[in-house]
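# Summary of the model geometry
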Amino acid sequence: MLSENYDYAERPAALILGRRGFLKVCGLCVGAVAVCGWAIGDLIARRGVIIKARQAGLYKDDKLCQSMGLTSSHQNSVVMRVYKDLNTKPVDHTMHELLHTHYYQRTLLAATTSEANHG
């Protein structure tokens, strides 16, 4: 029978990743940070342009509504038709309930639905 004595010793941590491997890993990390930094900087730079374009669009819509004489919701014929169909007035409680939104804490909703789906 073969009776060999195996002697195993782990390599030191410095030898696991040699000098070239270390430089490769560092280079990849620096490259990833540079690309992400450039992308974030580009988004921030374009943010002002997007805000100004949206603002110009809103002003354009306001001018259009003012030229049509629709500066308030009660002047809009479509909205008045909804009031007539529902037999309500602009300041009625029913319209307040239909037109206004309410805040619901989404974390509790997500926890409830995930338990219901998995339970």
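Everything that follows concerns the structure shown earlier in this document.
A brief structural summary. A quick note: this is a predicted structure, and the numbers were derived from the prediction, not measured.

Moving on to the overall build of the protein chain. Tallying secondary structure elements over the protein chain gives 5 helices and 0 strands in all. Counting helices and strands in the order they occur from the N terminus, the protein chain gives α-α-α-α-α. Buried residues in the protein chain amount to 3% of all 119 residues. Surface accessibility of the protein chain: about 11600 Å² in total, with carbon and sulfur atoms responsible for 62%.

Another aspect to go through is unusual backbone geometry. Where the residue is not glycine, phi is negative for most of them; where a peptide bond is considered, it is trans in most cases. A positive phi angle is found at asparagine 87, which is not glycine, with a value near 55°. Looking at asparagine 87, the relative accessible area reads 71%, which means it is exposed.

Here helix α2 (residues 19-67) is 49 residues long and its end C-alpha atoms lie 72 Å apart, about the 72 Å a rise of 1.5 Å per residue gives. By the largest-angle criterion, arginine 46 marks the main kink of α2, which is about 30°.

A cluster of nonpolar residues, Leu17, Phe22, Leu23 and Val25, forms a patch on the protein surface that exposes about 370 Å² of accessible area. Mapped onto the secondary structure, phenylalanine 22 falls in helix α2.

Opposite charge on two side chains makes pairing possible when the charged atoms of those side chains draw close. Going through the model one piece at a time under the given rule, you end up with 2 salt bridges. The residue arginine 46 makes a salt bridge to aspartate 42 at a minimum N-O spacing of 3.3 Å. With arginine 46 and aspartate 42 both in helix α2 and 4 residues apart, this pair spans about one turn of that helix. Take arginine 46: its relative accessible area is 43%, and that puts it in the partly exposed class. Among the salt bridges present, the one from arginine 81 reaches aspartate 85, with a minimum N-O distance of 3.5 Å. On the criterion of helical spacing, the pair formed by arginine 81 and aspartate 85 is a turn pair, its members being 4 residues apart in helix α3 (residues 77-86).

As for its position among the elements, threonine 88 is in the loop between α3 and α4 (93-99). The buried category is assigned to threonine 88, whose relative accessible area is 14%. In this structure, threonine 88 is in contact with Tyr83, Thr94 and Met95, ignoring residues within four places of it in sequence.

Parameters at a glance
- Every chain's residues receive numbers from 1 upward, in the order its sequence appears when written.
- Restriction of local features to residues with pLDDT of at least 70 applies here, the model being predicted, together with a cutoff of 80 or more for giving and counting side-chain atom pairs; totals for whole chains, interfaces and linings are based on all residues.
- Heavy atoms from the whole structure form the basis of all side-chain values; hydrogens and water molecules are not counted.
- Helical segments are the DSSP runs of H or I of at least four residues, strand segments are the runs of E of at least two, and each set is numbered from the N terminus.
- Partly exposed residues are those whose accessible area sits between 20% and 50% of the maximum for their type, while under 20% is buried and over 50% is exposed, using a 1.4 Å probe and protein chains only.
- For the area figures, the Shrake-Rupley method with a 1.4 Å probe applies, and any residue is considered shielded solely by the protein chains shown.
- A helix's residues, less one, multiplied by 1.5 Å, set its expected span.
- Working definition for bend: take the seven residues up to and ending at a residue and the seven starting at it, fit an axis to each, and measure the angle between the axes.
- To count toward a patch, a residue needs a relative accessible area over 30% and no salt bridge; like charges are then connected within 9 Å, while nonpolar side chains (Val, Leu, Ile, Met, Phe, Trp, Tyr) are connected within 5 Å.
- A pairing counts as a salt bridge when a side-chain nitrogen of Lys or Arg comes within 4 Å of a carboxyl oxygen of Asp or Glu.
- Note on contacts: a residue pair is in contact if any heavy atoms of the two residues lie within 4.5 Å.

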